[in-house]
Amino acid sequence: MSESLISATSEPAWAAFAAIDWADQKNFWRLVPAGSQRYEQGELENTPEAVEAWAADLQQRFGGRPIALCLEQSRGALVYMLTKYPHLVLFPVHPTTAARYRETFCPSGAKSDPSDTASLLDLLMRHRERLTALQPDTVETRLLHFLVEERRRTVDEKTRQSNRLTDCLKMYFPQILGWFDDVTTPLVGDLLERWPVLEQLQRAHPGTLRRFFHAHNCRSQELLEERIAAIAQAIPATRDQAVLEAGMMTARGLVKLLAALRGNIAAFDERIAELVRAHPDAALFASLPGAGPVLVPRLIAAFGTRRDRYQNADEMQRYSGIAPVKIASGKTELVHFRYACPKFLRQTFHEFASHSIGQSEWAKAYYEHLRNDEKKDHHPAVRALAFKWIRIIYRCWKDGKDYDEQVHQKSLRRRGSLLGTALASATSVGWKTVAGFQKLSENNA
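1. Structural notes on the packing of helix α3 (residues 95-105) against helix α4 (residues 113-126)
Relative to each other, α3 and α4 sit at 95 degrees, their axes nearing to 10 Å. Between α3 and α4, the crossing angle belongs to the class labelled roughly perpendicular. The residues of α4 that touch α3, namely those facing T97, A98, Y101 and R102, are D116, S119, L120, D122, L123 and R126. Taken together, the residues that form the contact of α3 with α4 break down as four nonpolar, two polar and four charged.

Here is the structure:
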């Protein structure tokens, strides 16, 4: 997410320490004033009014001095309600961390809201140096983050409804799938609204069909006549009225859903484009090969605008889930895919790395080396490429400089890397004819 998690190395003089175990209806809280051993606890309704009264009471009681507050979420309704109070410094804890810490002292697995809150407070007080305080990014960057995530969800929902429509048409009107490549277009939607079954479509006059296709920008006369001929020659998949009526009603409903989703995606795209144009890092991320109108805002949201958010590229590689996990015990050593990470963030870097293969020479060469020489499958190879890209993008982001493909290739050659040698040795022979770095180097020696 686009909030900066800043290490608590130079702490303020805390007035109190508190923890909240959040729930849908009621939150359980526990608090201890600094320098005291007396704990206080209670329940808090999960409403803005109740949170306001609780926060105001703490502000008045401790004179507005900072209070460290630990809770088991970094996003959500409770976090957004609490971030508006400057005297509350939030320390979000991953649910897995909270669960493992609780199980350390309660291996039986017994739990309750009071005991969970006590565990969170103990974690905050004893291991605060291992936690990080939540500090929001700029409003524009956080808005961009929310919009690109919601846009992706809407696109995924559009895909889901498209698959439903495809399955529906296979049952009663499969010819549509052969006549049109994409069933989510306004053309297909309007056609099904007007002629939901084949028999109705076949009763339409050819002139009416021509005017309909012209109105939807179908200008190829050859394609138009092929479609009209195919419509006339088509045979109904079924004459079962139960299947036809159910399919027709389902298709019309899905067409309306898809039209609404297309409109929502267009609205997201328009607002996202406005935010990107005004963002100070827009040019930096637009300079990356393969980053287009969809990926540029996602990369901006991934890094944010606070340069102190990450101290090195390794932190981003691990946090995003691109870096693998190493497990070593005795003589056993395993390296596997990282599961605990922000999935949308990992997906962003994975998709960008995949797009960069067709736009960056070194990225393509490195990917082909992993596939051909290292015998890696596609997705592990793309993740390895994303791992390298994060280090490059981090340096550009930290320095505020646009990416330059030629400068990076010169750097590779100067450092004597295998990839730099491959790029330096390349001749007019196309990259597609070369398997890997060493082979490329030998062939052009």
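2. A few points about the pattern of salt bridges
Scanning the entire structure with this criterion turns up 21 salt bridges. E43 is the partner of K26 in a salt bridge, and the nearest nitrogen-oxygen pair spans 3.6 Å. Taken together, the residues span a long stretch of sequence, with K26 in strand β3 (residues 26-33) and E43 in strand β4 (residues 40-45) at a distance of 17 residues. Ionic pairing is found between R102 and D116, a salt bridge with its closest N-O pair at 3.5 Å. Of this pair, R102 sits in helix α3 while D116 sits in helix α4, and the two are 14 residues apart along the sequence.

3. Notes on the side chain of R30
With respect to the secondary-structure elements, R30 resides in strand β3. Buried charge without a salt bridge: R30, with D122 as the nearest opposite-charge side chain at an N-O distance of 8.5 Å. Polar side-chain contacts of R30 include one of 2.7 Å to the side chain of Q41. Beyond its immediate sequence surroundings of up to four residues, R30 is in contact with F17, A18, A19, Y39, E40, Q41, T117, A118 and L121.

4. A look at the packing of aromatic side chains
Under the defined criterion, the tally for this structure stands at 19 aromatic pairs. With 5.3 Å between their ring centres and 50 degrees between their planes, F303 and W397 make a pair best called tilted. With F303 in helix α13 (residues 295-303) and W397 in helix α17 (residues 378-399), the pair connects residues that are 94 residues apart, well separated along the chain. You can call F303 buried: its relative accessible area is 0%. Overall, the relative accessible area of 0% leaves W397 in the buried class. Three or more aromatic residues joined by ring pairs make a cluster, and in this case those are F285, F303, Y310, Y319, F349, Y394 and W397. Above the ring of F213, the side-chain terminus of R227 is found at 5.6 Å from the ring centroid. Above the plane of the ring of Y366 lies K388, whose end atom (NZ or CZ) is 5.1 Å from the centre.

5. Concerning helix α18 (residues 405-414)
The complete set of buried residues in α18 reads E405, H408, Q409, S411 and L412. For α18, the buried positions fall inside an angular range of 155 degrees around the axis, keeping them on one side. Pointing more than 90 degrees away from the buried face of α18 are the exposed residues V407, K410 and R414. If you check the start of α18, you find a side-chain oxygen 2.9 Å away from the backbone N of Q406, and it comes from D404. Downstream of α18 by one or two residues, G416 has phi in the positive range, about 70 degrees.

6. Quick look at the sheet that holds β3
Spatially, five strands are ordered β4-β3-β2-β5-β6 in an open sheet, and the strand pairing comes out mixed. Edge positions in the sheet fall to β4 and β6 (88-92), since each has one partner strand and no second. The mean inter-strand angle of the sheet, taken between neighbouring strand axes irrespective of direction, is 25 degrees. Across five bridges, the pairing between strand β2 (residues 16-21) and strand β5 (residues 67-71) is parallel. Counted as the bridge partner of F17 is A68 from β5. Running at roughly 145 degrees to β4, helix α1 (residues 48-61) makes contact with β2, β3, β4, β5 and β6 of the sheet. Lying on the sheet, α4 is in contact with β2, β3, β5 and β6; it crosses β2 at an angle near 140 degrees.

7. Notes on the side chain of T154
Examined against the element boundaries, T154 turns out to sit in helix α5 (residues 139-172). Not counting chain neighbours up to four residues away, the residues in contact with T154 comprise L261, N264, I265 and F268.

8. Some points on the packing of helix α7 (residues 186-194) against helix α9 (residues 206-215)
Look at α7 against α9: their axes get within 11 Å of each other, and the N-to-C directions meet at 145 degrees. The element α7 and its partner α9 pack so that their crossing is right-handed. Each of L187, D190, L191 and R194 in α7 lies in contact with α9, whose residues at this interface are T208, F212 and F213. Of the residues belonging to the contact of α7 with α9, the class tally is four nonpolar, one polar and two charged.

Criteria and thresholds
Residues numbered from 1 in each chain as written. Predicted model: local features only at pLDDT ≥ 70, side-chain atom pairs only at ≥ 80, totals over all residues. Heavy atoms only, no water. Axes fitted to C-alpha atoms, helices over the stretch in contact; angles between N-to-C directions. Helix = DSSP H or I, 4+ residues; strand = E, 2+ residues; numbered from the N terminus. Parallel < 35°, antiparallel > 145°, perpendicular 65-115°, else oblique. Contact = heavy atoms within 4.5 Å. Nonpolar A, V, L, I, M, F, W, Y, C, P; charged D, E, K, R; others polar. Salt bridge = Lys/Arg side-chain N within 4 Å of Asp/Glu carboxyl O. Buried < 20%, exposed > 50% of the residue type's maximum accessible area, 1.4 Å probe, protein only. Lys, Arg positive; Asp, Glu negative; His and termini not counted. Polar contact = N/O pair within 3.5 Å; in protein donor to acceptor, adjacent residues only side chain to side chain. Phe/Tyr/Trp six-rings, centres within 6.5 Å; stacked < 30°, edge-to-face > 60°. Lys NZ or Arg CZ within 6 Å of the ring centre and 35° of its normal. Arc of directions from axis to C-beta. Pairing = 2+ DSSP bridges. Left-handed = near helix turned anticlockwise from the far one by under 90°.

Purely geometric numbers; function is a separate question.
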